[in-house]
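Fold and contact review
Each chain, letter by letter, is given below.
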Amino acid sequence: MVALTEKTEKRLTIQTVEIAQETTAIRSLDWDRDRFDIEFGLQNGTTYNSFLIRGEQTALVDTSHEKFRQLYFDTLTGLIKPTEIDYLIISHTEPDHSGLVKDLLQMAPEITVVGSKVAIQFLEDLVHQPFKRRIVKNGDRLDLGNGHEFEFVIAPNLHWPDTIFSFDHKTKILYTCDAFGLHYCSDSTFDEDLAAIEEDFHYYYDCLMGPNARSVLSALKRMAELKTISMIATGHGPLLSHNVEELVGRYRTWSQTQAKPETVVGIFYVSEYGYSDRLVQAIANGIGKTGVAVEIVDLGSEVDLQELRELVSRCAGIIVGLPPASGAASIQSALSTVLGSAKEKQAIGVFETGGGDDEPIDPLVSKFRNLGLTTVFPAIRIKQTPTENTYKLCEEAGTDLGQWVTRDRSIKAMKSLGADLDKALGRLSGGLYIITAKKGDVSSAMLASWVAQASFKPLGFSIAVAKDRAIESLMQVGDRFVLNVLEEGNFQPLMKHFLKRFGPGADRFEGVRTQPAENGAPILNDALAYMECEVVSRMDCGDHWAVYSTVYAGRVSKPDALTAVHHRKVGNHY
Ligand SMILES: Cc1cc2nc3c(=O)[nH]c(=O)nc-3n(C[C@H](O)[C@H](O)[C@H](O)COP(=O)(O)O)c2cc1C
């Protein structure tokens, strides 16, 4: 039976559904898009799924995001008295699933929290009160009675280091939290409409799982030992029941491809509770924009030093991130292994979170330099709680490193056009424009000439934006920006300024006269005209996105002036 409980008409709603025998899904539907998390690029909202399983004893798998506090507890207490819950299984401690753990433990202090060793450590920092716990390892079982025997699968790095999957032998449901999920909010509890969800499913994989392809493959191997899985109860989006085999198969195929990349950058960091994971994600996203694969290793988890050595030696670039105190012997030996396996010709970048006076990263950078590695971006030192600008800086640093390790390939690709074709293509010309965008506190700009009107009704145009452009992340579907038109005979200063090489996180508007448009993006005072635009769709064109946008406002400041035109000789460059 499917019972839907719409608790409110607003953008946050709750759905409760009986998904199997004695098993209820409590799905927090967050219809609002969270535009700043990179993986929310497709903006179909998301859900946070929690599950109640009642054998002779009762277990809750994960909770919800704290923004659902009232709704979630209203729903949960309608289903069960919190004090009757025996176990709270924590698949991982990311706040969108564990945001309400503290509240739950205050209501029901007798609950035993079940999780991996790392998850329990993270929770101690989150909950700040003693709680009953049971640390589980791979293969451990928990019998709730009445056939509901849970078996745990350790799945580190999918997508947090503390992740476990839980398999109920009675219902054959595997609870996987982030893995196999997608950010997709709809009233459908299940995945019956594969066509509607597959794009977001893939995008989510690329953002969150791709960088850990090897860990995905290890988890798939462990999952195979469970034999029949009838349903995958994910933490985000619809639950997989119609396409389990198909979608697990896609994870396998994508991960096998990712795990054997041509060029890979390794990110080696020590995960602490807090923001380091998101920083790593931002860096990985920046690297990914250049088409380079990323492998992330948490030096604080159990690391096989032999595998670590092998990975470091095949990396084209290395990024190391440390908290100020990383004294544990195992971390030190993992770090020494990274150092010992690093090679000349590799790129190196470092970041430090929560740094104090004594900077452990400076001597580390010197050591890498002495080994002949090239520092691609200045050390990132994060002393305060990161802002969106910090994440953007990390993303741009990642892109710089990705571009550095692929520079030979890019030059070769440019030279490979046949001479005649190259000249013919060079006869395509465009105007000269500066695109400016602002999202929250983060702003960016870019010179563009691949701009062309694409429709009358609605008024719209396309811009080709290279996938590794800094501004690309501010041009997702639904984002707003300004197209500034440069003036013939008067474009040099602006063109020169915006073609400067900006370091990660640099303010691109320093020294430029601007005023804010209605949508917040800067209008350049010296532009001949401007238009306010909204991104409607993006088409994948290989190394560029063709970004189609509609125009909803605009003005010409110099009615008699002409648009600057960009003539080229060859087609292998702008
Ligand atoms: C004449 C000219 C036209 C350009 N047009 C485009 C364009 O249409 N799309 C694009 O992605 N980059 C274009 N570029 C490249 C970017 O302006 C510039 O290299 C880029 O902003 C630097 O990368 P970043 O913004 O990621 O740091 C053009 C460059 C020049 C010189």
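Now for a look at the structure at hand. Here the structure is a predicted model, which means the values were calculated and not measured.

1. Thoughts on the environment of Leu123
Tracing the backbone through its elements, the reader meets Leu123 in helix H4 (residues 117-127). Residues Leu123 and Thr93 lie 30 residues apart in sequence; the distance between their C-alpha atoms is 6.8 Å. Once residues within four sequence positions are removed from consideration, Leu123 is found in contact with Ile90, Thr93, Val101, Val113, His128 and Phe131.

2. Details of the sheet that holds strand S1 (residues 12-20)
The mixed open sheet is built from 7 strands, whose spatial order is S1-S2-S3-S4-S5-S6-S7. The open sheet is flanked by S1 and strand S7 (132-135), the only strands paired with a single partner. In this sheet, neighbouring strand axes are inclined to one another by 20° on average, regardless of whether the strands run parallel or antiparallel. Both strand S4 (residues 58-61) and strand S5 (residues 87-89) contribute to a ladder of 3 bridges, which runs parallel. From the neighbouring strand, Leu60 faces S5, where its bridge partner is Leu88.

3. As for the site of the ligand
The immediate surroundings of the ligand are formed by 16 residues, with Leu447, Ala464, Ala466, Ala470 and Arg508 found nearest. Contact distances for the ligand include 2.7 Å between a nitrogen atom and a backbone N or O atom of Ala464. Ala466 is positioned with one of its backbone polar atoms (N or O) 2.9 Å from an oxygen atom of the ligand. Protein chains bury 85% of the 630 Å² of accessible surface belonging to the ligand in isolation. Looking at the shell around the ligand, its residues break down into 11 nonpolar, 2 polar and 3 charged.

4. Looking at the packing of aromatic side chains
All told, the structure shown has 15 aromatic pairs when counted by the stated rule. Between Tyr205 and Trp254, the ring centres sit 5.1 Å apart and the planes meet at 50°, which makes this aromatic pair tilted. You can see Tyr205 sitting in helix H5 (residues 194-209) and its partner Trp254 sitting in helix H7 (residues 244-258), a full 49 residues away along the chain. Across the pair, exposure class does not vary: Tyr205 and Trp254 are buried alike. Members of the aromatic cluster, joined through ring pairs, are Phe180, Phe201, Tyr205, Tyr251 and Trp254. Across the ring face of Phe131, the terminal group of Arg133 is positioned such that the distance to the ring centre comes to 4.4 Å. The side chain of Arg407 reaches across the aromatic face of Trp404, ending 3.8 Å from its centre.

5. Regarding the sheet that holds strand S20 (residues 433-439)
Spatial strand order, S21-S20-S24-S27-S28-S23-S22: 7 strands in an open sheet with antiparallel pairing. Across the chains shown, the open sheet's two edge strands, defined by having one partner strand only, are strand S21 (442-448) and strand S22 (451-455). In this sheet, neighbouring strand axes are inclined to one another by 35° on average, regardless of whether the strands run parallel or antiparallel. The pairing of S20 with strand S24 (residues 480-485) spans 5 bridges and is antiparallel. Across the sheet, the residue bridging to Thr436 is Val482, located in S24.

Definitions and limits used
Residues numbered from 1 in each chain as written. Predicted model: local features only at pLDDT ≥ 70, side-chain atom pairs only at ≥ 80, totals over all residues. Heavy atoms only, no water. Helix = DSSP H or I, 4+ residues; strand = E, 2+ residues; numbered from the N terminus. Contact = heavy atoms within 4.5 Å. Pairing = 2+ DSSP bridges. Axes fitted to C-alpha atoms, helices over the stretch in contact; angles between N-to-C directions. Near = heavy atom within 4 Å. Polar contact = N/O pair within 3.5 Å; in protein donor to acceptor, adjacent residues only side chain to side chain. Areas by Shrake-Rupley, 256 points an atom, 1.4 Å probe, with all protein chains shown as cover. Nonpolar A, V, L, I, M, F, W, Y, C, P; charged D, E, K, R; others polar. Phe/Tyr/Trp six-rings, centres within 6.5 Å; stacked < 30°, edge-to-face > 60°. Buried < 20%, exposed > 50% of the residue type's maximum accessible area, 1.4 Å probe, protein only. Lys NZ or Arg CZ within 6 Å of the ring centre and 35° of its normal.

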